[in-house]
Amino acid sequence: MSAWLLLLLQAGVATIGDTVWIERALGEVGTAIVRPQSWSLGELGEQLAPAQVVQGARGAVVRYPLVLWYPGEHLLTMPGPVLVRRDGSSDTLAASTHKVTLLSVLPAGAPRSKLAPKPARDPVPLASRSVLPLLLLSGVVLLAGLLAALLWRRRGRAPQRRARVDVFPERELLQRWAQAGEHRAALEGWSWRLARRLALSRELEESAALQRVLDEIADRMYVPDLRGTLGELCARAATLDAA
């Protein structure tokens, strides 16, 4: 790379093939939606990506990423964006002109016919085989396993405590819940106790009574208590559990 081209790149001047951003400040557009139109540059260049609409101190700003193929000073005509308003109406703004100066990447003052092309680069291999990545990965895995074993040995195994689950709550607790108006919570506890009593029952009359109450609890548990029957059902369940 020549010194002239190095100074050109450091100065930040656009050259052939660089991405050039062209901006247009629209000011305040209110609640309107800004829809940029596609920009056809013909043989001069092309639009690299969809235009961007950003909000800044100058209001809405439309930005186009372009690439140009010819050096020199160019006068570009940006298509006017479309403003779509909330009532469905739309306005197309007038086009705007922008002057862009583009420099060539070739040395200045040298005829193209006398410029010697650079020699071809060696082809890059598509794949290379080496055991080095496998060795590095194996070393990392062994080191991590050794550290984990040392930490586990130093800390030891923490005793596992089983959480206490009160499936069969005490009758006194269920009665307090029912008195406080928590009928559904009380009926859930009574259902566990009555189901256990039904499994142990050997009398047909008692088993039938327990089954009827359990069926009523299942039918009314999540139904709105419009007639206030859940309190009476709690009392019946408590009576059967105490029998």
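Residue positions are counted from 1 within each chain, in the order its sequence is given. Confidence filtering applies because this is a predicted model: local features only for residues at pLDDT of at least 70, side-chain atom pairs given and counted only at 80 or more, and all residues used for totals across whole chains, interfaces and linings. As a rule here, side-chain values come from all non-hydrogen atoms in the structure, and water together with hydrogens is ignored.

Q: For this particular structure, what's the right way to read the pattern of salt bridges?
A: Any two side chains of opposite charge can pair, so long as their charged atoms come close to each other. Salt bridge criterion: a side-chain nitrogen from Lys or Arg within 4 Å of a carboxyl oxygen from Asp or Glu. Enumeration over the complete set of coordinates arrives at 8 salt bridges. One salt bridge in this structure joins Arg58 and Glu23, with 3.4 Å as the shortest N-O distance. With a gap of 35 residues between them, Arg58 in the loop between β4 (52-56) and β5 (59-68) and Glu23 in strand β1 (residues 19-27) connect regions that are remote in the sequence. Here the residues in one salt-bridge network are Glu23, Arg58 and Arg63, joined through shared partners. Numbered from the N terminus, helices here are DSSP runs of H or I no shorter than four residues, and strands are runs of E no shorter than two.

Q: Got a minute to help me understand the sheet that holds strand β2 (residues 33-35) in this structure?
A: Two pairing modes exist for strands in a sheet, parallel and antiparallel, and in both the strands are linked by backbone hydrogen bonds. Reading across from one edge, β2-β7-β8 is the order of the 3 strands in this open sheet, with antiparallel pairing throughout. Unpaired on one side and paired on the other, β2 and β8 (90-92) mark the two borders of the sheet. Direction aside, the axes of adjacent strands within the sheet are offset by 20 degrees on average. By this definition, two strands are paired if DSSP reports at least two bridges between them. Relative to strand β7 (residues 82-84), β2 is paired through 3 bridges, and the arrangement is antiparallel. Residue pairing in the sheet places Val34 in a bridge with Leu83 of β7. Only C-alpha atoms enter the line fits that serve as axes; for helices the fit covers just the stretch in contact. Angles between N-to-C directions range over 0 to 180 degrees.

Q: Just to check I follow, could you spell out the pairing of β5 for this structure?
A: Two faces make up the sheet, and in a regular strand the side chains alternate between them. Buried means the residue's accessible area, taken with a 1.4 Å probe over protein chains only, is under 20% of the maximum for its type, while exposed means over 50%, and partly exposed covers the values in between. Within β5, 10 of the 10 residues are buried, which leaves the element mostly enclosed by the surrounding structure. Bridging between strand β3 (residues 45-47) and β5 involves 3 bridges; their strand directions are antiparallel. The residue of β5 that forms the bridge with Glu46 is Val67. Sheet analysis places β4 next to β5, joined by 5 bridges and oriented antiparallel. Paired with Val53 across the bridge in β5 is Val62. The hairpin formed by β4 and β5 contains 2 residues between the paired strands.

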